[in-house]
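Understanding the architecture of this molecule
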Amino acid sequence: MLNREMKQSISKSMMQSFAKHADSTSDPVIINSLMDVARILHDSLDSLSFQDERSQISRLILQFISKIDFGKDLEQQLNMYNDCKRSFYKSDNRQTDW
């Protein structure tokens, strides 16, 4: 198994790559996979985390959330935002107007 630091580094790289190269998506496999990756990053934050690290992880999570697009299916979009709000409660850059 991967140790904690390696898992966090790989997760951060995956989120950076998605933020940089991917278009919006509604693919449930991609969304669920990246939600797991984002949770790994989010759960790595604690009271001893540097503000810079908190901001960087929060920014990556927000970039991921902003690329989730279910088109005209507003119920599914709102459910996803609700899941994100529950999952990423430590994020310091939460926005209400994704």
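This report concerns the structure included in the present document. Quick caveat: nothing in here was measured; it's all calculated off a predicted structure. For every chain, the first residue of the written sequence is number 1, and numbering continues from 1 onward in sequence order. Note on the predicted model: pLDDT of at least 70 is required for a residue's local features to be given, and 80 or more for side-chain atom pairs to be given and counted; whole-chain, interface and lining totals, by contrast, use all residues. The side-chain numbers reported here are obtained from all heavy atoms of the structure, hydrogens and water having been left aside.

Let us now look at the nonpolar core. To define a nonpolar core, start from buried Ala, Val, Leu, Ile, Met, Phe, Trp, Tyr and Cys residues and group those joined through side-chain atoms within 4.5 Å. Burial here depends on accessible area, computed with a 1.4 Å probe over protein chains only, as a share of the maximum for the residue type. Under 20% is buried, over 50% is exposed, and the range in between is partly exposed. Ranked by size, the top nonpolar core spans 20 residues in total, and within it M15, I31, M35, F64, M80 and F88 carry the most contacts. Segments assigned H or I by DSSP are reported as helices when at least four residues long, segments assigned E as strands when at least two residues long, and all are numbered from the N terminus. Secondary structure elements with two or more residues in this core: α1 (4-21), α2 (28-43), α3 (51-66) and α4 (74-87). The element that contributes the greatest number of residues to this core is α2, accounting for six residues. When near neighbours in sequence (up to four residues on either side) are disregarded, I31 contacts T25, S26, F64, I68, F70 and M80. Residues count as neighbours in contact if any of their non-hydrogen atoms are within 4.5 Å of one another.

Its place among the elements puts F70 in the loop between α3 and α4. F70 gets classed as buried once you look at its relative accessible area, which sits at 13%. For the pair F70 and D27, spaced 43 residues apart in sequence, the C-alpha to C-alpha distance is 8.8 Å. Among residues more than four places away in sequence, those in contact with F70 are S26, I31, Q76, Q77 and M80.

Turn by turn, an α-helix covers 3.6 residues, leaving residues three or four places apart pointing in a common direction. To estimate how far a helix should reach, multiply one less than its number of residues by 1.5 Å. End to end, α4 covers 20 Å across 14 residues, agreeing with the expected 20 Å (1.5 Å per residue, within 8%). Looking at the packing, one finds that the buried side of α4 touches α2 and α3.

Before going further, it helps to examine the side chain of Q77. Structurally, the position occupied by Q77 is in helix α4. Counted as a polar contact is a pair of N or O atoms within 3.5 Å, where, for protein atoms, one must be capable of donating a hydrogen and the other of accepting one, and residues adjacent in sequence contribute only when both atoms are in side chains. Engagement of the side chain of Q77 in a polar contact is seen with the backbone oxygen of I68, the distance being 3.0 Å. Ignoring any residue separated from it by four or fewer positions in sequence, one finds Q77 in contact with I68, D69, F70 and G71.

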